[in-house]
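Summary of structural features
Residue strings, one per chain:
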Amino acid sequence: MFKLISCCSARGRIVLETNTLRTNSSNTMRNLLIDQIREDGFAIIDDFLTPDEVRELLKVGQNLHQDAPKEERKIFNANSGDGKSAQSREQYFLESADKVRYFFEEGAVGENGELLVDPSIALNKVGHALHTEHPAFGAVTFSNRVKEVCWQLGFRRPAVAQSMYIFKNPGIGGEVKSHQDATYLYTEPSTTIGFWIPLEDATLQNGCLHFIKGSHKSGVHRRWLRNPDKNADELLIYDRPAPLYPQSNFVAAPVKAGSCVLIHSQVVHRSDANKSDRSRHAYTFHVIETEDCEYSKENWLQPAEDRPFPVLYERD
């Protein structure tokens, strides 16, 4: 169905080689991906994008701030554990499944909405429909490489639920506390896989990802839900307090630009604040199974009635 992306193992990582015909090495790739995700909850694919593709996406990402709103700038706080964050009360956030929305860092915007930093480093992220609304991001998201990975992971009818460009700008890029993606994108059974692609080297200094290996085997620890109380100020609420995870359990996952980190929806991960003088831009999106799998109607992100999540392929 697709051109083979063959693979080999290098220091526990997977290396893709494009432009080859499907051979038995696809079975090796499948086994490596499944084994690593099943055991650790994540897998790293080196050289997923070409250097030219990385440069193109980075250039596009660096210019996204030019289209950001000049008034009513929305703050994004990834670490609010009490449901009181701005996005918990904003339709702007809630209705972003088929739109491109802009979210600023807390320290970038003053009390009256004025920017406190240069616009080029003010954004926290842009999402959640870059994959359908921006050609450059769509080209990567719907590429044969992504389809091949999903195929080898056993997806039968995968769809892309959401996408984001994350800036992690120097000095201002905030910490993302320990969490599971299934808290926000819950399916039954658990099928969601995150594709996290750094467009600059992700290092210990600028906020690379950290994982608790094997933590995906312990179920979903809490969920972020649409509030059933329609009269409440908070549109979204957590169903239980945030778990506490020993910091000593985390392992760092520094990766080169153009790599791809595959993230099981239940693996616990985090990233530190960027205290360095180098940014850590990344493009990320999440794939869900749509065959014999239910995407929760309680999830914060819901597709528009006339625009279902776009499907990557359907197995015969």
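Above this text sits the structure in question.
So, a few notes on the structure that sits alongside this text. Here the structure is a predicted model, which means the values were calculated and not measured.

The terminal C-alpha atoms of helix H2 (residues 51-62) lie 16 Å apart, and with twelve residues this matches the ideal 16 Å at 1.5 Å per residue to within 8%. Along H2, the positions that sit buried rather than exposed are Val54, Leu57, Leu58, Val60 and Gly61. Each buried residue of H2 lies within a common arc of 160° when the element is viewed along its axis, so the set occupies one face. What points out from H2, more than 90 degrees from its buried face, is the exposed set Pro51, Asp52, Arg55 and Lys59.

In the structure shown here, the tally under the stated rule is 16 aromatic pairs. For the ring pair phenylalanine 93 and tryptophan 300, a centre distance of 4.4 Å and an interplane angle of 20° mean the geometry is stacked. With phenylalanine 93 in helix H3 (residues 91-94) and tryptophan 300 in the segment after strand E18 (294-295), this pair connects stretches of sequence that are 207 residues apart. An identical accessibility class is assigned to phenylalanine 93 and tryptophan 300; each is buried. Between tyrosine 184 and tyrosine 238, the ring centres sit 6.4 Å apart and the planes meet at 75°, which makes this aromatic pair edge-to-face. Here tyrosine 238 lies in strand E13 (residues 236-238) and tyrosine 184 lies in the loop between strand E8 (176-179) and strand E9 (187-188), a separation of 54 residues in the sequence. Here the aromatic residues Tyr92, Phe93, Phe103, Tyr184, Trp224, Tyr238 and Trp300 are joined through ring pairs into a cluster of three or more. The lysine or arginine in question, arginine 222, covers the ring of tyrosine 238, its NZ or CZ lying 3.6 Å from the ring centre. Between the NZ or CZ atom of arginine 315 and the centre of the ring of tryptophan 151, over which it lies, the distance is 3.8 Å.

Another aspect to go through is the sheet that holds strand E14 (residues 251-253). In a beta sheet, neighbouring strands pair by backbone hydrogen bonds and run either parallel or antiparallel. Spatially, the four strands line up as an open sheet ordered E8-E16-E11-E14, and their pairing is antiparallel. Looking at which strands have only one partner, the edges of the open sheet turn out to be E8 and E14. When strand polarity is set aside, the average angle formed by the axes of neighbouring strands in this sheet is 25°. As paired elements, E8 and strand E16 (residues 269-271) share two bridges and run antiparallel to each other.

Time to look at the side chain of threonine 187. Mapping threonine 187 onto the fold places it in strand E9. Separated by 2.7 Å, the side chain of threonine 187 and the backbone oxygen of proline 189 make a polar contact. Within the structure, threonine 187 has its side chain in polar contact with the backbone nitrogen of threonine 191 (distance 3.0 Å). With near-sequence residues (within four places) excluded, threonine 187 lies in contact with Thr192, Ile288, Cys293, Glu294 and Tyr295.

Here we come to unusual backbone geometry. Of note, the amide linkage connecting glycine 127 to histidine 128 takes the cis form, showing an omega dihedral of 20°. Mapped onto the elements of the fold, histidine 128 is located in strand E6 (residues 123-128). With an omega dihedral of 0°, the bond running from glutamate 188 to proline 189 counts as a cis peptide bond. Note on placement: proline 189 falls in the loop between E9 and strand E10 (193-198). With phi around 50°, lysine 168 is a residue other than glycine that occupies positive phi space. When you line up the elements, lysine 168 lands in the loop between strand E7 (158-166) and E8. With relative accessibility at 3%, the residue lysine 168 sits in the buried group. Here the phi dihedral of aspartate 292 falls at roughly 55°; this positive angle occurs in a residue that is not glycine. Considering the arrangement of structural elements, one finds aspartate 292 in the loop between strand E17 (282-289) and E18.

Take the pattern of salt bridges next. For the coordinates displayed, the defined rule picks out eleven salt bridges. The shortest N-O distance in the salt bridge between aspartate 201 and lysine 256 comes to 3.6 Å. Here lysine 256 lies in the loop between E14 and strand E15 (260-264) and aspartate 201 lies in the loop between E10 and strand E11 (209-211), a separation of 55 residues in the sequence. You can call aspartate 201 partly exposed: its relative accessible area is 34%.

Analysis parameters
Residues numbered from 1 in each chain as written. Predicted model: local features only at pLDDT ≥ 70, side-chain atom pairs only at ≥ 80, totals over all residues. Heavy atoms only, no water. Helix = DSSP H or I, 4+ residues; strand = E, 2+ residues; numbered from the N terminus. Expected span 1.5 Å × (residues − 1). Buried < 20%, exposed > 50% of the residue type's maximum accessible area, 1.4 Å probe, protein only. Arc of directions from axis to C-beta. Phe/Tyr/Trp six-rings, centres within 6.5 Å; stacked < 30°, edge-to-face > 60°. Lys NZ or Arg CZ within 6 Å of the ring centre and 35° of its normal. Pairing = 2+ DSSP bridges. Axes fitted to C-alpha atoms, helices over the stretch in contact; angles between N-to-C directions. Polar contact = N/O pair within 3.5 Å; in protein donor to acceptor, adjacent residues only side chain to side chain. Contact = heavy atoms within 4.5 Å. Salt bridge = Lys/Arg side-chain N within 4 Å of Asp/Glu carboxyl O.

Function cannot be inferred from these measures alone, as they are strictly geometric.
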